[in-house]
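# Descriptive analysis of the structure
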Amino acid sequence: MKWAKELSIIVPIGKKDPSWTFLLKQLKKLPKDVEIIFSASEPIEVNEKIKGQAQVKVVQGKEGRAKQLNLGASQSSRALYWFLHSDSQLTPSSFQAIERAAQLANNGIFYFDLGFFDGPRWMAINSLGVWLRSHWLKLPFGDQGFLISKKLFWELGGYDESALFGEDHLLIWKAHERGIPILPVRGKILTSGRKYSQHGWLKTTIRHLSLTYQQAKAECLRIYSQKKKAT
């Protein structure tokens, strides 16, 4: 499959985070020509039996999701990047969608719908909120599995390593600024809702909404200011 030979899956791994091992077991269901890059901030060991199912590469660098994502991308030998979080879990629709989207990736940034495989019972509300934010406002987040061409990613400057949070959000705003389409792939990825259990569903939801609003407001003002200076 031509698309498989062009695809790198890039996964940042935080310290003492074992969730990537389950993701790797799922990724081995993809064609063996797909390249998988784990970008870690500490040494990790990839099971050789699983490693033999795909072209797996492990790179190590400074801690920080944006730094790790950029490092993984810089080590890729492929024309397409699919960024996943280490606790991502794929669904049957994920595998169908990635094949479709990989053949269209030069047309914009693609993202998946999001569900939660654990967390409080209220997580269905968060899934709906993610759908509305990404489909209506065109503001998907990184846990929705961005698929983007190598060329476009580096033209946008990669992920902002100076950002304290929301490096994925900032990448999407840079795309909006340039009129690049943000498109759904009609597939779903699952992620963990454990932080909502640990810190409280309402408190965590409000915090995420507040941070998103603050960052979106700052980006809108920045873009407006630049356009005003240009006129």
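All chains use their own residue numbering, which begins from 1 and follows the written sequence. Under the rules for a predicted model, residues below a pLDDT of 70 receive no local features and side-chain atom pairs below 80 are neither given nor counted, while totals for whole chains, interfaces and linings still include all residues. Hydrogens and water molecules were not included; the side-chain quantities draw on all heavy atoms of the structure.

All right, on to the side chain of Q89 then. Turning to its location among the elements, Q89 is positioned in strand β5 (residues 89–90). Relative accessibility thresholds used throughout: buried, under 20% of the residue-type maximum; exposed, over 50%; partly exposed, between the two (1.4 Å probe, protein chains only). Classification of Q89 as buried rests on a relative accessible area of 19%. Note on contacts: a residue pair is in contact if any heavy atoms of the two residues lie within 4.5 Å. Residues within four places of Q89 in sequence aside, it is in contact with F22, Q26, F117, I189 and L190. The numbering of helices and of strands both runs from the N terminus, where a helix is a DSSP run of H or I of at least 4 residues and a strand a run of E of at least 2.

In contact at an axis separation of 11 Å, helix α8 (residues 167–177) and helix α10 (residues 201–230) are set at 30° when each is read in the N-to-C sense. Here α10 runs roughly parallel to α8, going by the angle between their axes. Judged by the sense of rotation from one axis to the other, the crossing of α8 with α10 is right-handed. Residue-level contacts link H169, L170, W173 and E177 of α8 to T212, Q215, A216, E219, C220, R222, I223 and Q226 of α10. Ten residues, namely Ala, Val, Leu, Ile, Met, Phe, Trp, Tyr, Cys and Pro, are considered nonpolar, four, namely Asp, Glu, Lys and Arg, are considered charged, and the remaining ones, Gly among them, are considered polar. Looking at the contact of α8 with α10 residue by residue, the classes come out as five nonpolar, four polar and three charged. The axes are straight lines fitted to the C-alpha atoms, using for helices just the contacting stretch, and the angles between their N-to-C directions are given from 0 to 180°. Angular relationships are summarised with four words: roughly parallel below 35 degrees, roughly antiparallel beyond 145, roughly perpendicular across 65 to 115, and oblique for the angles in between. When the near helix sits turned anticlockwise from the far one by under a right angle, the crossing is termed left-handed; a clockwise turn instead gives a right-handed crossing.

One can find H135 in helix α6 (residues 123–135). Counting of polar contacts relies on pairs of N or O atoms within 3.5 Å, with two restrictions inside protein: one atom must be capable of donating a hydrogen and the other of accepting it, and residues adjacent in sequence are counted only when both atoms are side-chain atoms. Side chain to side chain, H135 and D113 meet in a polar contact 2.8 Å long. Dropping the residues within four chain positions of it, H135 is found in contact with Y111, D113 and P184.

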